[in-house]
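These are the residues of each chain, in order.
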Amino acid sequence: MGAAAHDTTAVFTIRPLEAGDREQLRRLFYRLSPTTVYRRFMSPIPRPSEPALDRLLDVDHCNREALAAVVDGDVVAVVRYVRGSRPEEAEVAIVVEDAWQHRGIGKLLLALLARRAREHGVRAFTATMLGDNRPAARLLKGLSEQARFTVSQGEVEAVVPL
Ligand SMILES: CC(C)(COP(=O)(O)OP(=O)(O)OC[C@H]1O[C@@H](n2cnc3c(N)ncnc32)[C@H](O)[C@@H]1OP(=O)(O)O)[C@@H](O)C(=O)NCCC(=O)NCCS
């Protein structure tokens, strides 16, 4: 897969995350701002543990899928879904490195992941985000006008039909 962002100087490619991407993920993590880390993991994680990296790299391209956006050899964004106990639903999570936000990468990654998920029988994405995470809410709303959001104790649960 390949794609060009709206900005003509920003060319990136999109590919499935691979088992060999451990150091890429580690480097990506250290380039994220504290706010982006907190919004993605809902916790102020200082560094990624090896078990956490194991989980992030654990994809089977059916029940657990992840796509990476790559610029000049660096992974700058990752979107993933993990199917839970309900096979028609999958939890989605996304992060775009701060320097590459607001260029349409998140929207494109999410759309491509949704297409893959549909091909594997997923009918809705679910997501949990902090109550003030408007960029993430707008991104999910952009995927489907039917996205539903439920606020509870400072967190938002989203259900997005695909
Ligand atoms: C949420 C997140 C993934 C969005 O990624 P992104 O790549 O910035 O998203 P996009 O660029 O596709 O869209 C974001 C905005 O940029 C705008 N945009 C897109 N291309 C643009 C361009 N070329 N120039 C200017 N703005 C642009 C979009 O219209 C959108 O605006 P809106 O929010 O007002 O609707 C990113 O902010 C992030 O990583 N946040 C931290 C982690 C997180 O919150 N994850 C979600 C919970 S798991």
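Our subject is the structure listed above.
Further remarks concern the packing of aromatic side chains. On inspection of all chains with the given rule, the structure shows 3 aromatic pairs. Here the aromatic rings of Phe 29 and Tyr 30 are separated by 5.7 Å at their centres, their planes lie at 90 degrees, and the arrangement is edge-to-face. Between Tyr 81 and Phe 125, the ring centres sit 6.1 Å apart and the planes meet at 40 degrees, which makes this aromatic pair tilted. In this pair, Tyr 81 is assigned in strand β4 (residues 74–83) and Phe 125 in strand β6 (residues 124–130), connecting sequence segments 44 residues apart. The burial state of Tyr 81 is the same as that of Phe 125; both residues are buried. Within the aromatic cluster, the residues linked to one another by ring pairs are Phe 29, Tyr 30 and Phe 41. The side chain of Arg 40 reaches across the aromatic face of Phe 41, ending 4.5 Å from its centre.

Criteria and cut-off values
- Residues numbered from 1 in each chain as written.
- Predicted model: local features only at pLDDT ≥ 70, side-chain atom pairs only at ≥ 80, totals over all residues.
- Heavy atoms only, no water.
- Phe/Tyr/Trp six-rings, centres within 6.5 Å; stacked < 30°, edge-to-face > 60°.
- Helix = DSSP H or I, 4+ residues; strand = E, 2+ residues; numbered from the N terminus.
- Buried < 20%, exposed > 50% of the residue type's maximum accessible area, 1.4 Å probe, protein only.
- Lys NZ or Arg CZ within 6 Å of the ring centre and 35° of its normal.

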